[in-house]
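# A look at the structure
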Amino acid sequence: EALGHLAFDYKDKGEPEKGIAALREAIPAQPDRIDPYLHLAGLYEAMERYDDGLKVLLDIEKRFPADASIQFRMGILYDKMGNKEASIERLKKTLALTPDDAQALNYLGYTYAELGINLEEAEKYLTKAVNLKPDEGFILDSLGWVYYKMKRYDDAIKQLERAQELVSDDATVMEHLADAYSARHDWRKALKLYRQIMKIEPEKKDVAEKIKKIKAETGDK
């Protein structure tokens, strides 16, 4: 852990190559430990060098075939690289190894929600994740978003309101809830949240467009 913190400290200081060198030096000294590899892959990910991070994990996958953390990190890297199919495959491998991994359940469920596919399967994953971590706002948000995609707007609002209570300043959570309010034609609540989002992220053109549509719908000038 200390080595991982040191490596990321170098990145924060603008010297990421020193962090990479420190981790690469540690790996031969501790060849049977997974942590240095995961830290190295994580550092590459933070630097947006996704191919390099993926190569580190692919190189050690055969040595640690039963390690779920390797599969999960690969799932995230593939997702960031835009390869959703490979990401889903790795997330499913993660869950085959650790079925009660709430973060993997959440990631896979949310991926399906964003793609608008396998929504009933996504609901099962996310319901299980919520049961495992009932006070995790981002997981509640994911479940609410699946309900939104299923057009179950009352269920969506219930989950998303709770998510927003727990994660009150996250623009994505706020937008999901505002979209659910909008789907129910609760224009006042939707507009209030969209305006809050614009204060946090004024460059969000899609939210500005949603505000315009509500104003047109309600005759609000």
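Residues numbered from 1 in each chain as written. Predicted model: local features only at pLDDT ≥ 70, side-chain atom pairs only at ≥ 80, totals over all residues. Heavy atoms only, no water.

## Observations concerning the overall build of the chain
Scanning the chain from N- to C-terminus turns up 13 helices and zero strands. When the helices and strands of the chain are listed from N to C terminus, the series reads α-α-α-α-α-α-α-α-α-α-α-α-α. Taking all 221 residues of the chain together, 45% fall into the buried category. Taken as a whole, the chain presents about 11900 Å² of accessible surface, with 49% of it coming from carbon and sulfur. Between the averaged position of the 36 positive side-chain charges in the chain and that of its 42 negative side-chain charges there is a distance of 4 Å. (Helix = DSSP H or I, 4+ residues; strand = E, 2+ residues; numbered from the N terminus. Buried < 20%, exposed > 50% of the residue type's maximum accessible area, 1.4 Å probe, protein only. Areas by Shrake-Rupley, 256 points an atom, 1.4 Å probe, with all protein chains shown as cover. Lys, Arg positive; Asp, Glu negative; His and termini not counted. Charge placed at Lys NZ, Arg CZ, Asp CG, Glu CD.)

## A few points about the nonpolar core
In summary, soluble globular proteins display a tendency toward joint burial of nonpolar side chains. Of all hydrophobic cores here, the largest spans 42 residues; its most connected members are Leu108 and Tyr194. When residues in this core are grouped by element, the largest group, seven residues, is from helix 11 (residues 171-183). Setting aside residues up to four positions removed in sequence, Tyr194 forms contacts with Glu175, Ala178, Asp179, Ser182, Val207, Lys210, Ile211 and Ile214. (Core = buried A, V, L, I, M, F, W, Y, C linked by side-chain atoms within 4.5 Å. Contact = heavy atoms within 4.5 Å.)

## Digging into the side chain of Thr111
With respect to the helices and strands, the residue Thr111 is situated in helix 7 (residues 102-115). Only 2.7 Å separates the side chain of Thr111 from the backbone oxygen of Tyr107, close enough to count as a polar contact. Sequence-distant contacts of Thr111, defined by excluding residues within four places in its chain, comprise Lys84, Ile88 and Leu91. (Polar contact = N/O pair within 3.5 Å; in protein donor to acceptor, adjacent residues only side chain to side chain.)

## Concerning the packing of aromatic side chains
Counting across every chain of the model gives five aromatic pairs. On the numbers, 6.5 Å between centres and 20° between planes, the contact of Tyr112 with Tyr125 is stacked. Of this pair, Tyr112 sits in helix 7 while Tyr125 sits in helix 8 (residues 119-132), and the two are 13 residues apart along the sequence. The class for Tyr112 is buried, based on a relative accessible area of 2%. Ring plane angle 5° and centroid distance 4.5 Å describe the contact between Trp145 and Tyr148, whose orientation is recorded as stacked. (Phe/Tyr/Trp six-rings, centres within 6.5 Å; stacked < 30°, edge-to-face > 60°.)

## Focus: the pattern of salt bridges
Evaluated as defined, the whole model comprises 19 salt bridges. Between Asp52 and Arg49 there is a salt bridge; the shortest N-O distance is 2.8 Å. Between Lys84 and Asp79 there is a salt bridge whose closest N-O contact spans 2.5 Å. The exposure class of Lys84 is partly exposed, given its relative accessible area of 32%. By relative accessible area, which is 17% here, Asp79 ends up buried. Salt bridges linked by common partners bring Glu175, Asp179, Lys204 and Lys210 together as one network. (Salt bridge = Lys/Arg side-chain N within 4 Å of Asp/Glu carboxyl O.)

## Considering helix 5 (residues 68-80)
Here helix 5 spans 19 Å end to end across 13 residues, near enough to the 18 Å set by a 1.5 Å rise per residue. In terms of burial, helix 5 is a largely internal element, 10 of the 13 residues being buried. Taken together, the buried positions of helix 5 are occupied by Ala68, Ile70, Gln71, Phe72, Met74, Gly75, Ile76, Leu77, Tyr78 and Asp79. Along its buried surface, helix 5 packs onto helix 3 (35-46), helix 4 (50-61), helix 6 (84-97) and helix 7. Where helix 5 ends, the next residue or the one after it, Gly82, has phi of about 85°, a positive value. (Expected span 1.5 Å × (residues − 1).)

## Overview of unusual backbone geometry
Although it is not a glycine, Lys151 adopts a positive phi angle of roughly 65°. Within the secondary structure, Lys151 is located in the loop between helix 9 (137-149) and helix 10 (153-166). Look at Lys151 and you get exposed, because its relative accessible area is 60%. One non-glycine residue, His185, lies in positive phi territory at about 60°. When you line up the elements, His185 lands in the loop between helix 11 and helix 12 (187-200).

## Quick word on helix 6
Counted at 1.5 Å a residue, the expected span for helix 6 with its 14 residues is 20 Å, and the 20 Å between its end C-alpha atoms agrees. Among the residues of helix 6, those classed as buried are Ala86, Ser87, Ile88, Arg90, Leu91, Thr94 and Leu95.

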